[in-house]
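# Inside the fold
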Amino acid sequence: MSMVIGDAKVDARGLNCPMPIVKTAQAVKALASGQTVEVLATDPGSVKDFAAWSKSTGNELVEQSVDGGVYRFVMRKK
Amino acid sequence: MAIAEAPVTPEAVTAPVPALEPEAETPTGGLAIILYSGDLEKTWAAMILASTAGAMGTPTKVFVTFWGLQTFVKPGKRITGENWMQKMMSAMQRPGIAHRKLSKMNFLGMGPWMMRQLAKQYNVASPAELMEMATLMGVEFVPCQMTMDMFGIKREDLMDGMGEPVGAATYLGYVDDGAKPLFI
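A brief look at the structure comes next.

What counts, and where the lines are drawn
- Residues numbered from 1 in each chain as written.
- Chains lettered and ligands numbered in written order.
- Predicted model: local features only at pLDDT ≥ 70, side-chain atom pairs only at ≥ 80, totals over all residues.
- Pairing = 2+ DSSP bridges.
- Helix = DSSP H or I, 4+ residues; strand = E, 2+ residues; numbered from the N terminus.
- Axes fitted to C-alpha atoms, helices over the stretch in contact; angles between N-to-C directions.
- Buried ≥ 20, exposed ≤ 12 C-beta atoms within 10 Å, placed from the backbone.
- Right-handed = clockwise from strand over helix to strand, strands pointing away.
- Core = buried A, V, L, I, M, F, W, Y, C linked by C-beta atoms within 7 Å.
- Contact = placed C-beta atoms within 7 Å.
- Parallel < 35°, antiparallel > 145°, perpendicular 65-115°, else oblique.
- Left-handed = near helix turned anticlockwise from the far one by under 90°.
- Nonpolar A, V, L, I, M, F, W, Y, C, P; charged D, E, K, R; others polar.
- Expected span 1.5 Å × (residues − 1).

## Section: the sheet that holds strand β2 (residues 60-64) of chain B
Pairing between the strands of a sheet is mediated by backbone hydrogen bonds and can be parallel or antiparallel. Residue and element names in this part refer to chain B. Spatially, four strands are ordered β3-β2-β1-β4 in an open sheet, and the strand pairing comes out parallel. Of all strands in the sheet, those with a lone pairing partner are β3 (140-143) and β4 (180-183), marking the two edges. When strand polarity is set aside, the average angle formed by the axes of neighbouring strands in this sheet is 20°. Relative to β3, β2 runs parallel, the two being bridged by four bridges. Of the residues in β3, the one forming a bridge with Val 64 is Pro 143.

## A short note on the pairing of strand β2 (residues 36-41) of chain A
All names here are of chain A. Of all six residues in β2, five are buried, a share of seventy percent or more. Two strands pair when backbone bridges link them, and strand β1 (residues 8-12) and β2 are joined in this way by five bridges, in the parallel orientation. Bridge pairing links Ala 8 to Val 37 in β2. In this region the chain leaves β1, passes through helix α1 (residues 19-29) and returns to the parallel neighbour β2; the handedness of that crossover is right-handed.

## Some points on the nonpolar core
Residue and element names in this part refer to chain B. With 53 residues, the main nonpolar core has Ile 33, Ala 50, Val 62, Phe 63, Val 64 and Ala 134 as its most contacted residues. A total of seven residues in this core trace back to one element, the largest contributor, which is helix α3 (residues 40-55). When neighbours within four sequence positions are excluded, Ala 50 is seen to be in contact with Ile 33, Thr 60, Val 62, Ala 134 and Val 139.

## Some thoughts on the packing of α3(B) against helix α7 (residues 127-136) of chain B
All names here are of chain B. Their axes nearest at 8 Å, the elements α3 and α7 cross at an angle of 30°. Classified by the angle between their axes, α3 and α7 sit roughly parallel to one another. In the packing of α3 onto α7, the handedness of the crossing is left-handed. Of α7, the residues touching α3 (which contributes Thr 43, Trp 44, Met 47, Ile 48, Ala 50, Ser 51 and Gly 54) are Pro 127, Leu 130, Met 131, Met 133 and Ala 134. The residue inventory of the contact of α3 with α7, partitioned by class, reads nine nonpolar, three polar and no charged.

## Some thoughts on the sheet that holds β1(A)
Residue and element names in this part refer to chain A. An order of β1-β2-β4-β3 is seen for the four strands of this open sheet, with the pairing classed as mixed. Unpaired on one side and paired on the other, β1 and β3 (60-67) mark the two borders of the sheet. The average undirected angle you get between the axes of adjacent strands in this sheet is 15°. Strands β1, β2 and β4 (70-76) of the sheet are contacted by α1, whose axis makes an angle of about 165° with β1.

## Here's the deal with the interface of chain A and chain B
Counting from both sides, the interface comprises twelve residues of chain A and, opposite them, 13 residues of chain B. Of all the elements in the fold, those that place two or more residues in the side of chain A that touches chain B are α1 and α2 (46-57) of chain A. Among the residues making up the side of chain A that touches chain B, the classes are represented as seven nonpolar, five polar and no charged.

## Let's talk about the environment of Thr135(B)
Positionally, Thr135(B) belongs in helix α7. Separated by 84 residues in the primary sequence, Thr135(B) and Ser51(B) have C-alpha atoms spaced 7.7 Å apart.

## As for unusual backbone geometry
Here Cys17(A) and Pro18(A) are connected by a cis peptide whose omega angle stands at 0°. One non-glycine residue, Leu108(B), lies in positive phi territory at about 55°. Position of Leu108(B) among the secondary structure elements: in the loop between α5 (84-92) and α6 (110-121). Phi angles above zero are rare outside glycine, and Asn123(B) is one such case at about 55°. Within the secondary structure, Asn123(B) is located in the loop between α6 and α7.

## Some points on α6(B)
Residues and elements named next belong to chain B. Between its first and last C-alpha atoms α6 spans 16 Å; for twelve residues at 1.5 Å apiece the expected length is 16 Å, and the two agree. Little of α6 is tucked away, with one of its twelve residues classed as buried. Directly beyond the C-terminal end of α6, a positive phi value near 55° is found at Asn 123.

## Observations regarding the environment of Gln64(A)
Residues and elements named next belong to chain A. Within the secondary structure layout, Gln 64 lies in strand β3. The class for Gln 64 is partly exposed, based on 15 C-beta atoms found within 10 Å. Once the C-alpha coordinates of Gln 64 and Glu 38 are considered, the two residues, 26 residues apart in sequence, prove to be 9.7 Å apart.

## Looking at the packing of α1(A) against α3(B)
Between α1(A) and α3(B), the least distance of the axes is 8 Å, while the angle of their chain directions is 35°. Between α1(A) and α3(B) lies a crossing whose hand is left-handed. Along its contact with α1(A), which presents Ile21(A), Val22(A) and Ala25(A), the element α3(B) presents Ser51(B), Thr52(B) and Ala55(B). For the contact of α1(A) with α3(B), a count of residues per class yields four nonpolar, two polar and no charged.

The structure is reproduced here in structure tokens:
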């Protein structure tokens, strides 16, 4: 499995809806097109939320995994 | 108040109707929330949606009116209004985002206090934090001019960074432009 290292990191562990998405969007704002952000979250709802966010914004969800209740997402800016 | 002074000339009446701009045919989309309620739980829901919409890149306007406008009075501003009735109204219902009450189970502030404690415990952002996030993500909070007049709330009583005060027609204009309406 490839492990993309994000150009930016968001630690949203412990945060509840909608903060993982809001904090990620803020981080993505500062990125250039094609750059990636790596997000860690513990909110189980974030799995569907990040899929929906990716679909709406066009920022690609390139990697997704879960390890011990911590969800990891890598998004690439459109 | 300025009134349009351009005389109506026969030329203006008979002038051909200009072709529709391409923008007029393609809705700009987005979200247009009316925040009418000043209840804590509804304010919270509105702030969650506004900040998330901002995060999703959705152009979002929140038209704040009636009790919803009380939420946007600057923290520390206790009494608003010019005459005794307006002042009484603000005295009876403390303005500001930190002083919202629950519509149910308020119990003299016990309910809201418990809500805030639970939110802290479960890392749920407060309405004030969400409002700040929403603003940072480009969401515009637009005060209702009529409510400001009726309650005697001045522009300087309201939080900084809000849009220009407007009326219902402006809100309906957002919807005409393709924004999805929500009434909270």
